[in-house]
Amino acid sequence: MAISQNGRAAWRDGKPPAAQFICGSGRGPAAFAPLSGAERTGVFMDLMEKLTILADSAKYDVACTSSGVDRGGAPGALGSCHAPGICHTFTADGRCLSLLKVLMTNICAYDCRYCINRRSEDRPRAAFTPEELAELTIQFYRRNYIEGLFLSSAVLVSPDYTMERMIRVLELLRGPHRFRGYIHAKTIPGADPALVRRIGLLADRLSVNIELPSEASLQLLAPDKQRAGILRPMGLIARTAAENRRELAVYRHAPAFAPAGQSTQMIVGASPESDYQILQLTEGLYQKYSLKRVFFSAYIPVCQDERLPALDTKPPLLREHRLYQADWLLRYYQFSAGEILSPEAPNFDPWLDPKCNWALHHLDQFPVDVERCSYEMLLRVPGIGPKSARRIRTARRHGRLGLEDLRRIGVVLRRARYFILCRGYAGPGRLSRVTVARALLDPGLFEAGVQQLSLFDDPAGRLTGPDSPALPAAAAGEEAAAWLAQRM
Amino acid sequence: MACAADVVYQYDGSFEGFLSCVFESFLRKEIPFALYPDRAVRPTLFPVRVIPTNPARAARVFDSFEKKLGTRTRDLVTRAFLNDSPDKELILLRFLHFAYGQGPRAPWMQGHERVAPVLELEKAVNGEAHLLTGFVRFEQRGGALGAVIQPRHFVLPLLRRHFCNRYPGEDFVIWDKNHQAVLAVRQGRAEYLELAANPDLPPPDPEEARFQAMWQSFYDALAIPARLNPTLRRTHCPKRYWACMTELRDQL
Ligand code: SF4
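Residues numbered from 1 in each chain as written. Chains lettered and ligands numbered in written order. Predicted model: local features only at pLDDT ≥ 70, side-chain atom pairs only at ≥ 80, totals over all residues. Heavy atoms only, no water.

## Considerations on the site of the ligand
Part 1 of the reasoning: Neighbouring residues of the ligand: C108, Y110, C112, C115, N117, R118, A154, V155 and K225 of chain A.
Part 2 of the reasoning: Of the residues in the shell around the ligand, the class split is 6 nonpolar, 1 polar and 2 charged. (Near = heavy atom within 4 Å. Nonpolar A, V, L, I, M, F, W, Y, C, P; charged D, E, K, R; others polar.)

## With respect to the domain arrangement of chain B
Part 1 of the reasoning: Annotation of chain B at the domain level lists domain 1 (3–126), domain 2 (136–204) and domain 3 (206–252).
Part 2 of the reasoning: On a C-alpha basis, the centres of domain 1 of chain B and domain 3 of chain B stand 39 Å from each other. (Domains from an automatic or database assignment.)

## Brief notes about the sheet that holds strand β2 (residues 8–11) of chain B
Residue and element names in this part refer to chain B.
Part 1 of the reasoning: Strand order across the open sheet formed by 3 strands is β4-β2-β5, with parallel pairing between neighbours. Among the strands making up the open sheet, the edge pair consists of β4 (34–37) and β5 (48–50). Within the sheet, the average angular offset between the axes of one strand and its neighbour, ignoring direction, is 25°.
Part 2 of the reasoning: In this sheet, β5 lies alongside β2 in parallel orientation, the contact comprising 3 bridges. Pairing of Y9 across the sheet is with R49, part of β5.
Part 3 of the reasoning: Along the sheet, helix α1 (residues 15–27) makes contact with β2, β4 and β5, crossing β2 at roughly 150°. (Pairing = 2+ DSSP bridges. Helix = DSSP H or I, 4+ residues; strand = E, 2+ residues; numbered from the N terminus. Axes fitted to C-alpha atoms, helices over the stretch in contact; angles between N-to-C directions. Contact = heavy atoms within 4.5 Å.)

## Things to note about the side chain of R142 of chain A
Part 1 of the reasoning: Note on placement: R142 of chain A falls in helix α4 (residues 130–142).
Part 2 of the reasoning: Residue classification places R142 of chain A among the buried positions, given a relative accessible area of 11%.
Part 3 of the reasoning: In terms of polar contacts, R142 of chain A uses its side chain to reach the side chain of Q140 of chain B, at 2.7 Å.
Part 4 of the reasoning: Excluding residues within four positions of it along the chain, R142 of chain A makes contact with L78 of chain A together with F138, Q140, L145, Y167 and E170 of chain B. (Buried < 20%, exposed > 50% of the residue type's maximum accessible area, 1.4 Å probe, protein only. Polar contact = N/O pair within 3.5 Å; in protein donor to acceptor, adjacent residues only side chain to side chain.)

## Quick look at the pattern of salt bridges
Residues and elements named next belong to chain A.
Part 1 of the reasoning: Summed over all chains, the structure comprises 39 salt bridges over all chains.
Part 2 of the reasoning: R113 is paired through a salt bridge with D305; the nearest N and O atoms lie 3.8 Å apart. Placement of R113 in the loop between β3 (99–103) and α4 and of D305 in the loop between β8 (293–298) and α10 (317–332) is noted, with a sequence separation of 192 residues between them. Both residues of the pair, R113 and D305, count as buried.
Part 3 of the reasoning: The shortest N-O distance in the salt bridge between R118 and E121 comes to 3.0 Å. (Salt bridge = Lys/Arg side-chain N within 4 Å of Asp/Glu carboxyl O.)

## Looking at the pairing of strand β7 (residues 144–149) of chain B
Each regular strand shows side chains that alternate between the opposite faces of the sheet.
Residues and elements named next belong to chain B.
Part 1 of the reasoning: The pairing of strand β6 (residues 139–141) with β7 spans 3 bridges and is antiparallel. When the bridges of β7 are listed, Q140 appears paired with L145.
Part 2 of the reasoning: Hairpin connection between β6 and β7: a loop of 2 residues separates the two successive antiparallel strands, and G142 in this loop has a positive phi of roughly 50°.
Part 3 of the reasoning: Viewed along the sheet, the connection from β7 through helix α6 (residues 156–166) into strand β8 (residues 172–176) turns out right-handed. (Right-handed = clockwise from strand over helix to strand, strands pointing away.)

This is the structure in structure tokens:
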């Protein structure tokens, strides 16, 4: 692609192609004045080509949810938001696609080792103009392709300059287009706090990616970024949002600052942290910065570098899956990180989901009487989720509950029956831990849907050899049972 | 107490018609063997009683839902009726006989054999409506937006609420091909039409193809090859929706 080759060449030494491009603090209309060579080629490229490049560059960002805010439509405006979020389609890898997820530009001044957009990588570059991107968002939105926009960007020239351009897109959408759909914007680490405030008043959700689970890894793999530079804006967003909530309580019509809260993302498997460390960090982030979500992204090798896993390393999808399960336990099941993992057992069990694993190690607390026990305890029973727990809580006020009732309520008895008592059922009797463990084996691992997980990744190193196909389900089940028996 | 009767009710398939059946069933203190809408009459060994739709009776039944059974039951029954399963009428009728005995607490007895199946019906309708709020694809045709859907359940009324709210300034049409019904919204006024034949839609606007192509390449660009998982995609987005989805119909 001749055009982008030009663009890249200008950036080879890692400096912005034209010095006049860095205009003071990067604020004010001057920031939108003359375009650099790189940018000009990017700008005059066909929109279709840009979209393809800038979507491809954004695809490793996992957060694509449109949740957290309810906003009805309004006469003369376009769009609304639905708090649970709406998935508009699912990509071939099975992920929900809800937002127009693109980068403003992938021309980057930084050189993060794990990133396809780093300046030393040879790849096509492009940049949207704010007008183009706003128009594209509206046209996609009208056709119901998307819930809104997820805008992120590589660091073009400087963090401030980049943020200015992003803000411009949001201003066009919220202003002239009167767009009431969802907007998720990524703040650029190192940007002026005033810009963060401005973008927060336009976006529904803000995120700052923590990128890697520890300071040391960040230093090693993202030399241009600093942990403080990431945590500072996170703190700023949390504080501003809290102030804003107080303001809104007094003045109902005060503009809302990031009403859907903030989220973050970290890469798993590019650096050596244990699951326990990652989960502790996650819990800390929820508590300290009142994050709405922490996303995990299994590292997919995109660059050859001795500090990173080799290019043929499979992404640790099972590990990512377990992290999300544990994250649910933190957010919806009232677990703490220390209950799920510990310094002695710092990594997830490949065969058991974290909740079953906890239950197996606390058999002394079971069985519980579902007609009487606390809601918190209901949540801890394998096979009972928040929804069925809530249903049980309501239903038991209006009548007695037997196994059949529980099944109809949505309890997975295959798992739950080892842990409960109810009307006409006096519990499982005395069972060995291995028997129970066998019944709790993560069925997902052996079903076609998630078998992919075991194909790509098996922490126990048992399911598959590096290049061999997955074992047939039955054999894999036997293997798993043997492994569990050994561990119990 | 109503007892099981060896009779089949036949009605016109409308909600009013169903409420008339409910009236009939309470009047005679019987629960029929089955209730069939006209369009789905099956040969049966039992005598068929045709229940004419009676708006006055239907209104009486409907009013009594709220008065005697509470708003939750009223909404539950209304919503569950949109389900297309062949035994929905019987499930609803059996539930109603149970509910008039229990009063407003009936829908909260979620594990009960008369209640759980109704909640299932409702869940399926809500679930499909929610999926479709995302999966509907509009095309710009002759200045208005047009979409085709092929849902299992009759979710148009639920989609109306969603899209009228979302696109207050747009005229749009959603054609439910499976139920031969159209929702047309012009200048904020919605109307439903039942169709005998396929509607004539104006041809797509010239710029339509460009946006569809862009959407397609955006969609393709976003998949991560190292994570390919077609089964997972089908679980979340079942193939029966693909025919009406711009980015997926070519992959069928
Ligand atoms: S700043 Fe780092 S992570 Fe972000 S686009 Fe540039 S190289 Fe990639």
